[in-house]
Amino acid sequence: MNWFSKLLPSRIRTEGGTKKSVPEGLWAKCNACGAVLYRAEMERNLDVCPKCDHHMRIGARVRLERFLDEDEREEIAANLKPVDALKFKDIKKYKDRITQAQKATGEHDALIAMKGKLKGMPLVATAFEFKFMGGSMGSVVGERFVRAANICLEENIPLVCFSASGGARMQEALFSLMQMAKTSAVLAKMSKRGVPFISVLTDPTMGGVSASLAMLGDLNVAEPNALIGFAGPRVIEQTVRETLPEGFQRSEFLLEHGAIDMIIDRRDLRDKLANVLSILTHKSAA
Amino acid sequence: MNLNFLDFEQPIAELEAKIEELRYVGSDNEINIGEEIAKLQGKSKDLTESIFSNLSSAQIAQLARHPQRPYFLDYIEQIFTDFEELHGDRAFADDAAIVGGVARLEGRPVMIVGQQKGRDTKEKIRRNFAMPRPEGYRKAMRLFEMAERFKLPVLTFIDTPGAYPGVGAEERGQSEAIARNLLVMSQLKTPIINTVIGEGGSGGALAIGVGDRLLILQYSTYSVISPEGCASILWKSSEKAADAAEAMGLTAPRLKELGLVDAIINEPLGGAHRDTESMAASLKAGLMESLEMLDAVPLDKILDQRYSRLMSYGNYTE
């Protein structure tokens, strides 16, 4: 404390230094163009910046609640919880990382699955919670995905998955690698039976999630400017020792290279997917 | 330091050097030298046994990528006959990091596919250090589907640090190529036996690793990422690779214990590279045994079992 602060009566002193933060919750800042936005307006706009159309990352639960019709939602396999079979410890224990992630997100693990409706059409939607250990895929994510897909198989209704993940969860080692095979196998079954699966790739979708369920949609669609790929850009840069081109591994790059069917603005997502799904399932226009 | 030996094997290397020296002397003076050599050889064997009975995960990871370790082509030569290599993905290129083709195992027609490392610098580069690109996985998939058409069992041999992290690989859909293989292999209507013969690294390994039986050589490793990769992400320092190797439980006995592999193929004393011939013989016996086991099961049951096995992977509570 400097001499001047000491002179001030305590009620004038402010805690925490010079930087005044915006009051919690009222304002938000676009992390692309920096525009300061009224949060309520942002939410009305589905967390897409009204100034530059940047799509902010959003949580899994919010994502599903906005995507599905308001009535008749039902969560799938909500009680599945992770266990630390390997007693894995890096600089922190896996067990503690789980607890911490659960506290921070209010979720048991990194994937949420819900049965519901899209414009009256029954379907199952799943979403990755990136804030839960980087949306990494471990046993619970794999199992929940499979259970969601099984409901689709039983009831012959479409599956939609919003991915946002850094890849396989390292703390579950080979078990998490095997989730790639597990989720792909259930999708093989769906594909054979002609039950539609739409993979929506959101920012970011990398590694083992990208190299399994996320690329196996009847349609692979992406939100604008999402980072999507197998190897992370930093790893590639270190390998090839050159700076990567602008826009590398972004949705637009994938569209150009033929990896995805289309890029869909978040605000059009319900309309577009309802349209495609109604055609694939021979239903009248929604 | 003898470069044919790893750091923890140096005491063995020293003994072996002594034996060589004695042999050299022995050629002009035969008295008692033979006895001395035999004694030293016994000592070297004991020493090797004691070192190898107590290897850390990091040391096993080193053995798995020992520069002299037998690679896929060495096993092809020793185990199979009438091998014809088939090239290309029919779309873009032939990826030399993955070798595949038709062959016979004890006279029986099979399809074999595996990753291939290089011996010298030139070949290492040509094989891209066994890091496949999308066209490699697509070639493998083409061969898997051909195997299904012609009713050939598929034998795959895993030995890769992982898929290649390159610009072109991403442009050509690395993720999709790996994912597609997982999907296709899960339903391929022919028996599949996967064997990890060296390094089993990440999605690059799994892309030829879905099947009915998973075998692993004693000093091979299999995990979601290399110990170095894991260490640099979780410990923020690749120097913690030894800790990461330990934590990930990537060794054969640990994976067996966890129920992730079906059988361990024992290696000769000192590792596969000390006696490639006997290693190949054990591997061949292991493959024959697995093939016979699968022969006894009708194909639709094999597919059901493969599916239930895939669905059973994972640990969770409810």
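Values in this document were obtained by computation on a predicted structure and should not be read as measured data. (Residues numbered from 1 in each chain as written. Chains lettered and ligands numbered in written order. Predicted model: local features only at pLDDT ≥ 70, side-chain atom pairs only at ≥ 80, totals over all residues. Heavy atoms only, no water.)

Inspection of every chain in the model, using the stated rule, returns 38 salt bridges over all chains. The partner of D271 of chain A in a salt bridge is K119 of chain A, and the shortest N-O contact between them spans 2.3 Å. With a gap of 152 residues between them, D271 of chain A in helix α10 (residues 269-280) and K119 of chain A in the loop between β5 (111-118) and β6 (121-128) connect regions that are remote in the sequence. Linked by salt bridges that have partners in common, R65, K117, D159, E199 and E228 of chain B make up one network. (Salt bridge = Lys/Arg side-chain N within 4 Å of Asp/Glu carboxyl O. Helix = DSSP H or I, 4+ residues; strand = E, 2+ residues; numbered from the N terminus.)

Here we take up the packing of aromatic side chains. Residues and elements named next belong to chain B. Tallying each qualifying case throughout the model produces eight aromatic pairs over all chains. Consider the rings of F72 and F157, whose centres lie 5.0 Å apart with planes at 25°: the pair is stacked. With F72 in helix α4 (residues 72-79) and F157 in strand β4 (residues 154-160), this residue pair connects regions lying 85 residues apart in the sequence. Grouped by ring-pair contacts, the aromatic residues F8, F52 and Y219 constitute a single cluster. Stacked on the ring of Y71, the Lys or Arg R119 has its end atom at 3.8 Å from the ring centre. Across from the ring centre of F5, 4.1 Å away, lies the NZ or CZ of R274, which sits over that ring. (Phe/Tyr/Trp six-rings, centres within 6.5 Å; stacked < 30°, edge-to-face > 60°. Lys NZ or Arg CZ within 6 Å of the ring centre and 35° of its normal.)

Right, let's get into the sheet that holds strand β3 (residues 74-75) of chain A. Residue and element names in this part refer to chain A. Pairing in this open sheet of seven strands is mixed, and the strands run β3-β5-β6-β7-β8-β9-β10 from one edge to the other. Each having just a single partner strand, β3 and β10 (262-263) make up the two edges of the open sheet. As paired elements, strand β7 (residues 159-165) and strand β8 (residues 197-205) share six bridges and run parallel to each other. Bridge assignment links F162 to a residue of β8, and that residue is V200. (Pairing = 2+ DSSP bridges.)

We now examine unusual backbone geometry. Of the consecutive residues D203 of chain A and P204 of chain A, the connecting peptide bond is found in the cis state with omega at -10°. Looking at the element boundaries, P204 of chain A is found in strand β8. Positioned with a positive phi, H282 of chain A is a non-glycine residue whose angle comes to about 55°. Position of H282 of chain A among the secondary structure elements: in the segment after α10. By relative accessible area, H282 of chain A is classed as exposed at 75%. Phi is positive for R90 of chain B, close to 70°, though the residue is something other than glycine. The class for R90 of chain B is exposed, based on a relative accessible area of 65%. (Buried < 20%, exposed > 50% of the residue type's maximum accessible area, 1.4 Å probe, protein only.)

This next bit is on the pairing of β7 of chain A. Residue and element names in this part refer to chain A. Counting buried residues along β7, seven of its seven residues qualify, which places the element largely inside the surrounding structure. Side chains L159, C161, S163 and S165 project from β7 onto one buried face, and the interleaved V160, F162 and A164 project onto a second face that is buried too. One ladder, built from four bridges, connects β6 with β7; its direction is parallel. The residue of β7 that forms the bridge with V124 is L159. Note that the unit made of β6, helix α5 (residues 139-155) and β7 has a crossover that is right-handed. A crossover links β7 with its parallel partner β8, the connecting element being helix α6 (residues 173-193), and its sense is right-handed. (Right-handed = clockwise from strand over helix to strand, strands pointing away.)

Turning our eyes to something else, we now look at the interface of chain A and chain B. Counting from both sides, the interface comprises 53 residues of chain A and, opposite them, 45 residues of chain B. A buried area of about 4,600 Å², summed over both sides, lies between chain A and chain B, and 72% of it is on carbon and sulfur atoms. Sorting the residues of chain A by area buried against chain B places M170, L174 and F230 of chain A first, and these three jointly supply 15% of that buried surface. Linking chain A to chain B there are one salt bridge. Between E318 of chain B and R147 of chain A there is a salt bridge; the shortest N-O distance is 2.8 Å. Linking chain A to chain B there are 13 residue pairs in polar contact (both at pLDDT 80 or more). Among the elements of the structure, α5, α6 and α8 (233-240) of chain A are those that each provide at least two residues to the side of chain A that touches chain B. Residues of the side of chain A that touches chain B, tallied by class, amount to 32 nonpolar, twelve polar and nine charged. In this structure, strand β4 (residues 81-82) of chain A lies alongside strand β9 (residues 316-317) of chain B, joined through two bridges in antiparallel fashion. Paired with K81 of chain A across the bridge in β9 of chain B is T317 of chain B. (Contact = heavy atoms within 4.5 Å. Buried area = accessible area lost by both parts, 1.4 Å probe. Polar contact = N/O pair within 3.5 Å; in protein donor to acceptor, adjacent residues only side chain to side chain. Nonpolar A, V, L, I, M, F, W, Y, C, P; charged D, E, K, R; others polar.)

Where α6 of chain A meets helix α14 (residues 299-312) of chain B, the closest approach of the two axes is 8 Å, and the angle between their N-to-C directions is 135°. It follows that α6 of chain A is oblique to α14 of chain B by the angle criterion. Crossing geometry of α6 of chain A relative to α14 of chain B is assigned as left-handed. Here A181, K182, A185, V186 and K189 of chain A of α6 of chain A come into contact with α14 of chain B, specifically with Y307, L310 and M311 of chain B. (Axes fitted to C-alpha atoms, helices over the stretch in contact; angles between N-to-C directions. Parallel < 35°, antiparallel > 145°, perpendicular 65-115°, else oblique. Left-handed = near helix turned anticlockwise from the far one by under 90°.)

This part covers a positive patch on the surface. Residue and element names in this part refer to chain A. Together, K87, K89, K93 and K95 line one region of the surface with positive charge. By secondary structure assignment, the location of K95 is in helix α4 (residues 94-105). Using a relative accessible area of 54% as the deciding quantity, one classes K95 as exposed. (Patch = residues over 30% accessible without salt bridge, like charges linked within 9 Å, V, L, I, M, F, W, Y side chains within 5 Å. Areas by Shrake-Rupley, 256 points an atom, 1.4 Å probe, with all protein chains shown as cover. Lys, Arg positive; Asp, Glu negative; His and termini not counted. Charge placed at Lys NZ, Arg CZ, Asp CG, Glu CD.)

Okay, the side chain of N128 of chain B next. Within the fold, N128 of chain B resides in the loop between α5 (121-126) and α6 (134-149). Here N128 of chain B is in contact with R133 and Y164 of chain B, once residues within four sequence places are set aside.

This brings us to the nonpolar core. One finds L159 and L187 of chain A together with Y222 of chain B to be the most contacted residues of the largest nonpolar core, which totals 114 residues. Of all the elements, α6 of chain A adds the most residues to this core, at twelve residues. Residues in contact with L159 of chain A, not counting those within four places in the same chain, are V124, T126, F145, A148, A149, C152, L187, M190, P196, F197 and I198 of chain A. Formed by 26 residues, the second largest nonpolar core is a distinct cluster that contains V99, L215, L217 and I265 of chain B. (Core = buried A, V, L, I, M, F, W, Y, C linked by side-chain atoms within 4.5 Å.)

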